[in-house]
Amino acid sequence: MIQGASASSFLLDWYCEVMVDKPIRKLLRYHRINHGVSVVYTRYVDDSIFSARYSHADLPQPITLRLRRGIRKIIAGAGYQENVRKTRRANLPVNGTVCATGVQIGAYGHVGLTRKKVKALERMLDSAITMPLFSEKKEKIEGKIFYFLDVLRGKQELNALE
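No experiment lies behind these values; they were computed from the predicted model shown. (Residues numbered from 1 in each chain as written. Predicted model: local features only at pLDDT ≥ 70, side-chain atom pairs only at ≥ 80, totals over all residues. Heavy atoms only, no water.)

**Student:** So what exactly am I meant to see when it comes to a nonpolar patch on the surface here?
**Tutor:** Together, Phe10, Leu11, Trp14, Tyr15, Val18, Met19 and Tyr80 make up an exposed nonpolar region whose accessible area comes to about 660 Å². Relative to the elements of secondary structure, Tyr15 occurs in helix α1 (residues 8-35). We classify Tyr15 as partly exposed; its relative accessible area is 31%. (Patch = residues over 30% accessible without salt bridge, like charges linked within 9 Å, V, L, I, M, F, W, Y side chains within 5 Å. Areas by Shrake-Rupley, 256 points an atom, 1.4 Å probe, with all protein chains shown as cover. Salt bridge = Lys/Arg side-chain N within 4 Å of Asp/Glu carboxyl O. Helix = DSSP H or I, 4+ residues; strand = E, 2+ residues; numbered from the N terminus. Buried < 20%, exposed > 50% of the residue type's maximum accessible area, 1.4 Å probe, protein only.)

What follows is the structure, given as structure tokens:
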């Protein structure tokens, strides 16, 4: 399959759902039931974020080494490799967010675009209105719009689950 082909994102999403998402959700469910660790898993394309829910004392529950090893095993079993240069851990305040590929993910899995991404999209749309479009620029703008819509669609799906 050619990268960027119209079916590529669907096939990747389907593959990740079967080979990564389901096993990770099963692992997280097991850890929540047996170890009291409640973790939110958020994936956008091939970027994954794991965030610990806050306890009643407003302190994050740790994502244990055992859990991290289990997640890495699932990812490797699906044929992926963790990019250690992109891997980071952060302790966030109750209303904190973390940013991955221009998408902000809140403490409870809420998703949105960063201001920088929204401003860039606004500039692109403004230039599209005021100047003639060349095919390359039109494709770039369409790609940004679809990216924006994907994030919004994911946000709506998350809100529907709550």
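Don't stop here, the text continues.
**Student:** Explain helix α3 (residues 115-130) to me, please; I cannot follow it from the model alone.
**Tutor:** Each full turn of the α-helix corresponds to 3.6 residues, which orients residues three or four apart in the same direction. Counted at 1.5 Å a residue, the expected span for α3 with its 16 residues is 22 Å, and the 23 Å between its end C-alpha atoms agrees. Looking at α3, one finds that the buried residues are Leu121, Met124 and Ser127. Take α3 and look down its axis: the buried residues cluster within an arc of 130°, on one side only. Set apart from the buried face of α3 by more than 90 degrees, the exposed residues are Arg115, Arg123, Ile129 and Thr130. (Expected span 1.5 Å × (residues − 1). Arc of directions from axis to C-beta.)

**Student:** I keep staring at the side chain of His31 and nothing clicks. Help me out?
**Tutor:** Inspection of the secondary structure assignment puts His31 in helix α1. Taking the relative accessible area as the measure of exposure, His31 reaches 4% and is therefore buried. Here His31 is in contact with Gly36, Val37, Arg66 and Leu67, once residues within four sequence places are set aside. (Contact = heavy atoms within 4.5 Å.)

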